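What follows is each chain in one-letter form.
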Amino acid sequence: MSTDMSTETSTSEGVQTLESLSPATGDVVGVHRIDTAESVDAAVARAREASKWWAGLGFDARREVLGQWRSVLTRRMAQLADVVHQETGKPHGDAQLEIGLALDHLAWIGSHAEKVLGRKRVSPGLLMANQAASVEYLPLGVVGVIGPWNYPVFTPMGSIAYALGAGNAVVFKPSELTPGVGIWLADSLREVVPDHDLLQVVIGSGETGAALCRADIDKLAFTGSTATAKLVMATCAENLTPVLIEAGGKDALLVDEDADLVAAADAAAWGAFANAGQTCTGIERVYVHDKVHDQFLEELARRAGTVHAGTDAGAQIGPMTMPSQVDVVRRHVADALARGGRAVVGGADAVGDRFIQPTVLVDVPEDSAAVLEETFGPTVTVRRVRDMDEAVELANASRYGLGSAVFSQKRGPELARRLRTGMTSINSVISFAAVPGLPFGGVGDSGFGRIHGPDGLKEFTYAKAVTRVRFKPALNLTTFDRTPEQDTLVASMLTALHGRATQLPKMPRRPLATRGGRSRA
Ligand code: NDP
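Residues numbered from 1 in each chain as written. Predicted model: local features only at pLDDT ≥ 70, side-chain atom pairs only at ≥ 80, totals over all residues. Heavy atoms only, no water.

J.: Explain the packing of helix α1 (residues 37-75) against helix α5 (residues 179-192) to me, using residue names and the numbers behind them.
T.: The contact between α1 and α5 brings their axes to 9 Å, and the two run at 125°. By the angle class used here, α1 and α5 are oblique. The interaxial crossing formed by α1 with α5 has right-handed handedness. Residues Val-65, Gln-68, Trp-69, Val-72 and Leu-73 of α1 lie in contact with α5, whose contacting residues are Trp-184, Leu-185, Ser-188, Leu-189, Glu-191 and Val-192. A breakdown of the residues in the contact of α1 with α5 according to their chemical character gives eight nonpolar, two polar and one charged. (Axes fitted to C-alpha atoms, helices over the stretch in contact; angles between N-to-C directions. Helix = DSSP H or I, 4+ residues; strand = E, 2+ residues; numbered from the N terminus. Parallel < 35°, antiparallel > 145°, perpendicular 65-115°, else oblique. Left-handed = near helix turned anticlockwise from the far one by under 90°. Contact = heavy atoms within 4.5 Å. Nonpolar A, V, L, I, M, F, W, Y, C, P; charged D, E, K, R; others polar.)

Here it is in structure tokens:
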């Protein structure tokens, strides 16, 4: 397979290779050997061996290794940012920012893994009072990660680092648009653990991804589109391999009548246009209270006018990393304009061959592609609402449910709670992704499962429950030697334990007819 920003070719020896191209210039920035199903299986087998060693190390030694890896990543941050810049086209500063966030998560994992996953005592309850009960969270073994190109460090590291922190080995298939970043990450960990295949990379397109799904892995963490997520799930189902799905969103920002409008417009612009809109939790829809709509729109238009996409030093955003996405954005903008929408900033002419300039659309019908589908470009729709109830209703009408944002002085927490999304930022955008202790993930078409935080660590483990007899029980419940007297005692105990409600609810009268199945009347 070939896409516009990577091409697959064959050498004279018949080896399939993949060329990674710069989305800004089309230059070849790397050539990589494509993995076959056999080489994917071999990588997973090596990972299996490494996983045994890694799981056996325990929390302290793993924290030490992850800490050393963090140091390597930190000291080589500029090199890694260069590779990200070459393969995605995003500005160097943005690449550095996503690496910085990944480092912060790595530090959190090191200092929290034992607390979250380590063995904990659990109350055995009265009936099992003679037992000691405990639970711990053990590594699954080998985790497969299929990653995207939009944040080729931060997003896959949400799975890779948490899976490693929980004691697993990882086989990672980066997007075919960003193979160099994946290889760089694996090489940097190999500097710390040269003798163990703790993190390996397999290269290729969807076929390689499918081979990873079919391989002998214990879980598959996927980030990408909802459509591909369904294929991934179907393939993983063949071996009952569990999956974690992070499948994008259509995030809404709500602006209440008492909001700080300058801050809201600034955040909306950044949320919508940063990384050229290629952010799963990017702001794609804004719902603004009638009383402040015009003022907000004016401020957002002013802000959007100061942002431009390009390769010059002043450009805040780069090219579209996946050029076929340009057609998606063009279709959404054209459809919005054809159906009565207006472009306050940008518009049809803003969509170029590789670069898309910020676009703000108003009066766009709620059933148009620009409102329903993931646009994944630097565009945003703004709609006036009569109150925040309408804003919540429209925001929740999406099939997606990843992130959201609320700007309000008084009602932030209340509105946040009513939004059917996995995460909400109040008076900022996307902040939840940068808090390592918070889970990241969505509902509906945005997928299920969580990366980040305690949930993200547990996602790559299985709960192991253990009971141990501490002393001989006065009343042994699990024996065939139980007597009728003991059963009577158990009944009294159960009544004392669970039947203490003083007044029973009135049961509806059962019609006499139900007994014999015939009505007497
Ligand atoms: P896809 O969902 O098509 O691909 C995501 C990953 O899955 C890639 O690594 C891809 O490999 C791999 N893959 C493709 N087919 C299969 C398969 N049958 N089995 C296993 N793995 C497979 O996303 P794209 O990158 O093509 O982007 C398409 C759309 O997805 C975007 O327009 C955007 O809307 C959304 N998206 C969402 C992201 C998010 O953060 N949630 C991130 C990126 C995209 P390869 O790329 O090598 O073909």
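J.: Describe the site of the ligand, listing the residues and the values that go with them.
T.: Lining the immediate environment of the ligand, one finds 28 residues, of which Trp-149, Lys-173, Ser-225, Gln-325 and Glu-374 sit closest. Take Gln-325: an N or O atom from its side chain is 2.4 Å from an oxygen atom of the ligand. Elements that contribute at least two residues to the shell around the ligand include exactly α6 (206-214), β9 (219-223) and α7 (226-237). (Near = heavy atom within 4 Å. Polar contact = N/O pair within 3.5 Å; in protein donor to acceptor, adjacent residues only side chain to side chain.)

J.: Give me unusual backbone geometry: which residues, what numbers.
T.: The backbone phi angle of Asn-275 is positive, close to 55°, even though this residue is not glycine. Note on Asn-275: relative accessible area 6%, which makes it buried. Even without being glycine, Asp-363 reaches a positive phi, approximately 55°. One can find Asp-363 in the loop between β14 (359-362) and α11 (369-372). (Buried < 20%, exposed > 50% of the residue type's maximum accessible area, 1.4 Å probe, protein only.)

J.: Break down the side chain of His-332 for me, with residues and values.
T.: For His-332, the location among the structural elements is in helix α10 (residues 324-338). Since its relative accessible area comes to 1%, His-332 is described here as buried. Among all residues touching His-332, those that are not within four sequence positions of it are Ala-369, Ala-370, Glu-373, Glu-374 and Thr-375.

J.: Describe the packing of helix α3 (residues 92-117) against helix α4 (residues 154-165), listing the residues and the values that go with them.
T.: One way to put it is that α3 packs onto α4 with a least axis distance of 9 Å and a crossing angle of 25°. Here α3 lies roughly parallel to α4, going by the angle between them. Handedness of the α3/α4 crossing: right-handed. Note on element contacts: α4 touches α3 through Phe-154, Met-157, Ala-161, Tyr-162 and Gly-165, opposite Glu-98, Leu-101, Ala-102, His-105, Leu-106, Trp-108, Ile-109, Ala-113 and Leu-117. Residue composition of the contact of α3 with α4, grouped by class: 11 nonpolar, two polar and one charged.

J.: Help me get a handle on the state of the cysteines, residues and values and all.
T.: For the coordinates displayed, the defined rule picks out zero disulfides. No disulfide involves Cys-213; its sulfur sits 3.9 Å from the nearest other cysteine sulfur, which is in Cys-236. Relative accessible area serves as the criterion here: at 1%, Cys-213 is assigned to the buried category. (Disulfide = S-S within 2.5 Å.)

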